[in-house]
Amino acid sequence: TLEFGKGFGRSNLFYIRKLYLAFPNSGTLSHKLGWGQYYEILKSDSDLERSFYLKECEKENWSVRELKRQMKSMLFHRLALSKDKKASWN
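Residues numbered from 1 in each chain as written. Predicted model: local features only at pLDDT ≥ 70, side-chain atom pairs only at ≥ 80, totals over all residues. Heavy atoms only, no water.

## A closer look at the environment of glutamine 37
Item 1. Note on placement: glutamine 37 falls in helix H2 (residues 35-41).
Item 2. Once the C-alpha coordinates of glutamine 37 and leucine 54 are considered, the two residues, 17 residues apart in sequence, prove to be 8.3 Å apart.
Item 3. Non-local contacts of glutamine 37, meaning those with residues more than four positions away in its chain, are made with Cys57, Trp62, Ser63, Val64 and Leu67. (Helix = DSSP H or I, 4+ residues; strand = E, 2+ residues; numbered from the N terminus. Contact = heavy atoms within 4.5 Å.)

Quick look at the structure:
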């Protein structure tokens, strides 16, 4: 804390590293999203799910609170299941 300031606790450093590993080319990061949105999205272990929430969050201009609500309601999984059912009917 003395050397680097606040915000570099164990948990934040874990997510900073996870952000770097998930997006090694920082040019792919959206500048429309803040750390709070990335922090929540990084809780997902699936690349496909992370990509979905990144796009939706940017497109729909979700706040961190709305993103958390959508993730908690499993929007990605519900949409994936509904599309799978439609595909199996055709």
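Having seen the model, we can carry on.
## Let's talk about the confidence of the model for the protein chain
Item 1. Put simply, the protein chain has an average pLDDT of 85, and 91% of its residues get 70 or more.
Item 2. Considering each helix and strand of the protein chain separately, the mean pLDDT is smallest for helix H5 (residues 75-89), with a value of 72, and largest for helix H4 (residues 64-72), with 97. (pLDDT = per-residue confidence, 0-100.)

## Some points on a nonpolar patch on the surface
Item 1. A cluster of nonpolar side chains, contributed by Phe4, Phe8, Leu13, Ile16 and Trp35, occupies part of the molecular surface with about 510 Å² of accessible area.
Item 2. Its place among the elements puts leucine 13 in helix H1 (residues 10-22). (Patch = residues over 30% accessible without salt bridge, like charges linked within 9 Å, V, L, I, M, F, W, Y side chains within 5 Å. Areas by Shrake-Rupley, 256 points an atom, 1.4 Å probe, with all protein chains shown as cover. Salt bridge = Lys/Arg side-chain N within 4 Å of Asp/Glu carboxyl O.)

## Brief notes about the pattern of salt bridges
Item 1. Counted according to the given criterion, the structure contains six salt bridges.
Item 2. Here glutamate 58 and lysine 32 are joined by a salt bridge, their closest N and O atoms 3.9 Å apart. Note that glutamate 58 is positioned in helix H3 (residues 47-60) and lysine 32 in the loop between H1 and H2, a separation of 26 residues in sequence.
Item 3. One salt bridge connects lysine 59 with glutamate 56, and the closest N-O pair in it is separated by 3.3 Å. Remark: glutamate 56 and lysine 59 occur in helix H3; sequence separation between them is three residues, near one turn of the helix.
Item 4. Given the relative accessible area of 58%, lysine 59 is considered exposed.
Item 5. For glutamate 56, a relative accessible area of 17% corresponds to the buried category. (Buried < 20%, exposed > 50% of the residue type's maximum accessible area, 1.4 Å probe, protein only.)

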